Amino acid sequence: MRWRRPSQLSTKAVDAVEVALDDHRVLIRSSWGREVRTTPGAFADFVEAVRRGEYDDLIAGVR
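Residues numbered from 1 in each chain as written. Predicted model: local features only at pLDDT ≥ 70, side-chain atom pairs only at ≥ 80, totals over all residues. Heavy atoms only, no water.

### What to know about the packing of aromatic side chains
What counts here: Each Phe, Tyr or Trp ring, with Trp reduced to its six-membered ring, pairs with another whose centre is within 6.5 Å; inter-plane angles below 30 degrees give stacked pairs, above 60 give edge-to-face pairs, and intermediate values give tilted ones. The buried label goes to any residue with under 20% of its type's maximum accessible area, the exposed label to any with over 50%, and the partly exposed label to all in between, with areas taken from a 1.4 Å probe on protein chains only. Ring-over charges, as used throughout, are those where CZ of Arg or NZ of Lys falls within 6 Å of the ring centre and within 35 degrees of the ring normal.
Applying the stated criterion across every chain, the model contains 1 aromatic pair. Each ring, one from Phe46 and one from Tyr55, has its centre 5.3 Å from the other, and the planes form 50 degrees; the classification is tilted. A relative accessible area of 35% places Tyr55 in the partly exposed class. The ring of Trp3 is capped by Arg29, whose NZ or CZ atom sits 3.8 Å from the centre of that ring.

### With respect to the sheet that holds strand S1 (residues 17–22)
Heads up, the rule is: In short, DSSP must find at least two bridges between two strands for them to pair. Each helix is a run of DSSP H or I of at least 4 residues and each strand a run of E of at least 2, with the numbering of both proceeding from the N terminus. Lines fitted to the C-alpha atoms define the axes, with helices restricted to the stretch that makes contact. Angles between their N-to-C directions range from 0 to 180 degrees.
Taken in spatial order, the 3 strands of this open sheet run S1-S2-S3, and their pairing is antiparallel. A strand with exactly one partner marks an edge of an open sheet, and here the two such strands are S1 and strand S3 (35–38). Sheet twist, expressed as the mean angle between neighbouring strand axes with direction ignored, is 25 degrees. Direction of pairing for strand S2 (residues 25–30) relative to S3: antiparallel, over a ladder of 4 bridges. Each residue of the ladder has a partner; that of Val26, found in S3, is Thr38.

Pasting the structure below:
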C-alpha cells in the first residue's frame, strides 16, 4: 500500500492529509495518526464537494 500526500504543502501546515487504496477501500489519515476507511464512491463525493468549494470556510485565513 502506498500513502499519497499533496505535492505542495503549506508552510503553515504541521502535518498532511494522506490517502491510500487498500483492496476496495480508500484510507484517509493525518500524517500523525490512524486512518479512516471509506468507499471509493464516498471519497469521490467528498472530492467533488471540495472542488465545488463546500469546505472553503474551513480554510479561511489559513493560506
